[in-house]
Amino acid sequence: QCTFLFFSLAVFPLLCFVFRGAIKWFAAISATDIVYIALGYTGLSLKLFFGTLFMGMGQKIKNALIEVVFGVSSVLLIIVFWRLDWINLRSVLLIYLLSAIVVIIISIFMLDIKLLLPIQFDRKHFLEMFHSIKWLIFGAFSVYLVNSGDNFVLRFFVPLDKIGVYNFAYQFFKGVLALVFILGNYFLPFISENIENSEKMREFYYKKRPKIFILAFAAIGSVFALGPYLINQIYQNSYQGWVPVFRILLAGAVFVLYFSLQCPILKALKKYRLISIMAIVQVVINIGLDVILVWRIGILGTAIATTFACLCSTVIMEIYFRRNLKAILFL
């Protein structure tokens, strides 16, 4: 895990440097802003590293605590920077790094180093991990392309202020997705341990999963109804037109929720390639619909494309489950 962390921290700044010209043109930012992007990425990577470390050790509560510490630290720092009138793109990216430092300090006190010893490089284990993770990396990059692909298409058809409105809505949608994925990963250790126990898997699939889905669906419904009102109270309607975009995207979050409660089963079965292929299919559908819809209805078209792509992925995955996992899940 440390090897992959160091690799990512080395590769991302290198990519930023190589593609700095394209990044500056696309995002209309300066070279200094790109440096701050690299710092923000470093902060997010460090937070993810410690959260994954605790999850891998089966310490779910500590993993959740890492997310809470990072979130609370970020909010508090945003308030401090706002009071000092320092809020801008660079300060927000810097906050990611500062919040990660808080996470590192807290993690040092929570981490039982004895459980990690002896720390050594196992080439065989590394290659096995790389074989498993390479498809996840490819899939994660494809998921990243969903939003970046949206922005790329929007750049040609709508002004920057409208792109800002879309991304404002997308950030809250992305926050909902983060919670959805955390919910799915919470059950990964249990599923991995019992993947060959058909009785327990069916109990999870038919009893626990529907209850979890209903509760999470109700939570998303609450965000759909109350979220725009509360957010507008904070931002004072600064982003006109974001609410319809956000609500369309939330419909996509429901499909992602359904899929995320199935995804741990695929991970337990080591179907990483399938997960990545599905992510690629979603990107292709998303960008294809972007091109068709954006020039007609603007940022609403992008939201519709994203939601429809999520629906397609969920339907395809459900068909796969019913055709290929009968022995594990279906009577």
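Further up the page is the structure itself.
Residues numbered from 1 in each chain as written. Predicted model: local features only at pLDDT ≥ 70, side-chain atom pairs only at ≥ 80, totals over all residues. Heavy atoms only, no water.

Asks: Explain the overall build of the protein to me, and be specific about the residues and the numbers.
Replies: When helices and strands are tallied, the protein shows 14 helices and zero strands. The buried share among the 331 residues of the protein stands at 39%. In the protein, once contacts between residues fewer than 6 apart in sequence are set aside, the share between residues at least 24 apart is 77%. Total accessible area on the protein is roughly 19000 Å²; 70% of this is exposed by carbon and sulfur atoms. (Helix = DSSP H or I, 4+ residues; strand = E, 2+ residues; numbered from the N terminus. Buried < 20%, exposed > 50% of the residue type's maximum accessible area, 1.4 Å probe, protein only. Contact = heavy atoms within 4.5 Å. Areas by Shrake-Rupley, 256 points an atom, 1.4 Å probe, with all protein chains shown as cover.)

Asks: I'd like to hear about the packing of aromatic side chains, residue by residue, with values.
Replies: This model, assessed by the stated rule, comprises 18 aromatic pairs. On the numbers, 5.6 Å between centres and 50° between planes, the contact of phenylalanine 187 with phenylalanine 204 is tilted. Within this pair, whereas phenylalanine 187 is found in the loop between α7 (160–186) and α8 (188–194), its partner phenylalanine 204 is found in helix α9 (residues 198–235), the two being separated by 17 residues in sequence. Aromatic pair tyrosine 205 and tyrosine 206: ring centres 5.5 Å apart, planes at 80°, arrangement edge-to-face. Looking at lysine 47, its charged tip hangs above the ring of phenylalanine 70, at a distance of 5.3 Å from the centre. One cation-aromatic arrangement involves arginine 209 over tyrosine 258; the distance from NZ or CZ to the ring centre is 5.1 Å. (Phe/Tyr/Trp six-rings, centres within 6.5 Å; stacked < 30°, edge-to-face > 60°. Lys NZ or Arg CZ within 6 Å of the ring centre and 35° of its normal.)

Asks: Describe unusual backbone geometry, and please don't skip the residues or the numbers.
Replies: Here aspartate 85, not a glycine, exhibits a phi torsion of approximately 60°, which is positive. Turning to its location among the elements, aspartate 85 is positioned in the loop between α4 (60–83) and α5 (89–110).

Asks: For the pattern of salt bridges, give the residues involved together with the corresponding values.
Replies: It is possible for side chains of opposite charge to pair when their charged atoms get near one another. Counted under the stated rule, the structure contains three salt bridges. The closest approach of N and O atoms between aspartate 33 and arginine 90, which form a salt bridge, is 2.7 Å. Separated by 57 residues along the polypeptide, aspartate 33 in helix α3 (residues 31–56) and arginine 90 in helix α5 bring together distant segments of the chain. Under the relative-accessibility criterion, aspartate 33 is labelled buried at 12%. Across the pair glutamate 67 and lysine 47 runs a salt bridge, and its minimum N-O distance is 3.3 Å. Taken as a pair, glutamate 67 in helix α4 and lysine 47 in helix α3 lie far apart in primary sequence, 20 residues in all. Judged by its relative accessible area of 27%, glutamate 67 is partly exposed. (Salt bridge = Lys/Arg side-chain N within 4 Å of Asp/Glu carboxyl O.)

Asks: Pulling in residues and values, what's your account of α7?
Replies: Here α7 contains 27 residues, and its C-alpha end-to-end distance of 38 Å stays within 8% of the 39 Å for a straight helix at 1.5 Å per residue. Buried residues of α7: Ile163, Val165, Tyr166, Asn167, Phe168, Ala169, Tyr170, Phe173, Val176, Leu177, Val180 and Gly184, and no others. (Expected span 1.5 Å × (residues − 1).)

Asks: Give a description of the environment of leucine 77 that names residues and reports values.
Replies: Tracing the sequence through the fold places leucine 77 in helix α4. Through-space distance from the C-alpha of leucine 77 to that of serine 99 is 8.0 Å; in sequence the pair is 22 residues apart. Those residues in contact with leucine 77, other than ones at most four positions away along the chain, are Ile95, Leu98 and Ser99.

Asks: Before we move on, could you go through the packing of α7 against helix α10 (residues 242–260) and cite the residues and values that matter?
Replies: Closest axis-to-axis distance for the α7/α10 pair is 9 Å, and the angle between their directions is 20°. By the angle class used here, α7 and α10 are roughly parallel. Crossing geometry of α7 relative to α10 is assigned as right-handed. Among the residues making up the contact of α7 with α10, the classes are represented as 20 nonpolar, three polar and no charged. (Axes fitted to C-alpha atoms, helices over the stretch in contact; angles between N-to-C directions. Parallel < 35°, antiparallel > 145°, perpendicular 65-115°, else oblique. Left-handed = near helix turned anticlockwise from the far one by under 90°. Nonpolar A, V, L, I, M, F, W, Y, C, P; charged D, E, K, R; others polar.)

Asks: Can you break down the nonpolar core residue by residue, with the values?
Replies: Ranked by internal contacts, the top residues of the largest apolar core, which has 51 residues, are Tyr166, Ile191, Trp242 and Ile265. Put simply, the parts of the chain that give this core at least two residues each are α6 (123–157), α7, α9, α10, α11 (263–268), α12 (272–297) and α13 (299–324). Considering each element in turn, this core owes the most residues, eleven residues, to α10. Leave out the neighbours within four places in its chain, and isoleucine 191 touches Met201, Phe204, Pro264, Ile265 and Ala268. Within the second largest apolar cluster, 13 residues are counted, among which are Leu46, Leu53, Phe70 and Val103. (Core = buried A, V, L, I, M, F, W, Y, C linked by side-chain atoms within 4.5 Å.)

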